[in-house]
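# Structure at a glance
Residues per chain, in single letters:
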Amino acid sequence: MTTVITRLYAEKGAAQSAASKLQEKGLPRRAVQVISASGGGDLQARMVKAMVDQKAATIYGKKLKGDAALLVVRATYKPLGAAVITRETLAKTDTVDVGKINDDYWMPDGPQRDLSILEDHPRFFTRLPTSANQRGGLVTPQFGMKLLSKRKDRKSAISGGRFMSRMFWPTPLLKRNRKARSVMRNSKPMSTKFWPMPFLSPGQRRISVIPGGGPVFSKALGLPLITLR
């Protein structure tokens, strides 16, 4: 949102001095404008373009004679509290009383279409030529290089279509191995690798893990194995 604040001064120098004070307090230069009759062009149209209220612009147009000047401030969010800063600063200056007019009002911001995101530099990604003889255009043609090259179908990311396994020595890409029954060479299990011991013992199955096949530990103490809750 924008708060438009206007004040009339008897001299243009006083209006410019007030504008400088506002800029020193953080208001952007584009938000402060001084309009006078010596500026040329349609005075009424200039005030309307500066977002001055149309009825107030009609009254200001009758007062802007000689060295008189109108200060127009479009206070936004920069700096924080810009409208309050503007009112307090201009209250300490000598302004011309023009009666009851709409000299302080709020208006919604509409979309603004600009050719550039920068106000002082119309070309963001390009620079202006320094001389008339400076060549323009793309960089690649100046070095005899093609901008685009025809795409070739490749079966390998390596130049020439070779495989990494054949880059240094002739090794096969895939090796056919016989099915092995063990991960160890010669199919020797780990149990027979160090000493001759059977891979599986032929002993009988035990009912209990306690040596001798004794009763469960809880029964040895006379305790029930399962209790009913």
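Residues numbered from 1 in each chain as written. Predicted model: local features only at pLDDT ≥ 70, side-chain atom pairs only at ≥ 80, totals over all residues. Heavy atoms only, no water.

Another point: the sheet that holds strand β1 (residues 2-9). Overall, antiparallel pairing links the four strands, which are arranged β2-β3-β1-β4 in an open sheet. Only two strands of the sheet have a single partner each, and these edge strands are β2 (32-36) and β4 (104-107). Strand-to-strand twist in this sheet, taken as the mean axis angle between neighbours without regard to direction, amounts to 20°. Relative to strand β3 (residues 69-75), β2 is paired through five bridges, and the arrangement is antiparallel. By the bridge assignment, Val 34 is partnered in β3 with Leu 71. (Pairing = 2+ DSSP bridges. Helix = DSSP H or I, 4+ residues; strand = E, 2+ residues; numbered from the N terminus. Axes fitted to C-alpha atoms, helices over the stretch in contact; angles between N-to-C directions.)

What follows is about helix α1 (residues 12-24). Relative to the 18 Å expected for 13 residues at 1.5 Å per residue, α1 spans 19 Å between its end C-alpha atoms, a close match to the ideal helical length. For α1, the full list of buried residues reads Ala 15, Ala 18, Ala 19 and Leu 22. In a view along the axis of α1, the buried residues occupy a sector of 100°, so they form one face of it. In this structure, the buried residues of α1 make contact with β1, β2, β3 and α4 (82-90). Phi for Gly 26, located one or two positions after α1, is positive at around 110°. (Expected span 1.5 Å × (residues − 1). Buried < 20%, exposed > 50% of the residue type's maximum accessible area, 1.4 Å probe, protein only. Arc of directions from axis to C-beta. Contact = heavy atoms within 4.5 Å.)

This part takes up the pattern of salt bridges. Inspection of every chain in the model, using the stated rule, returns two salt bridges. With its nearest N and O atoms 3.5 Å apart, the salt bridge here joins Asp 103 to Arg 7. Linking Asp 103 in the loop between α4 and β4 with Arg 7 in strand β1, this pair joins segments that are 96 residues apart in sequence. For Asp 104, the salt bridge goes to Arg 87, with nearest N and O atoms at 2.7 Å. Of this pair, Asp 104 sits in strand β4 while Arg 87 sits in helix α4; the two residues are 17 residues apart in sequence, bridging distant segments of the chain. Under the relative-accessibility criterion, Arg 87 is labelled partly exposed at 33%. (Salt bridge = Lys/Arg side-chain N within 4 Å of Asp/Glu carboxyl O.)

Structural measurements only, silent on function.
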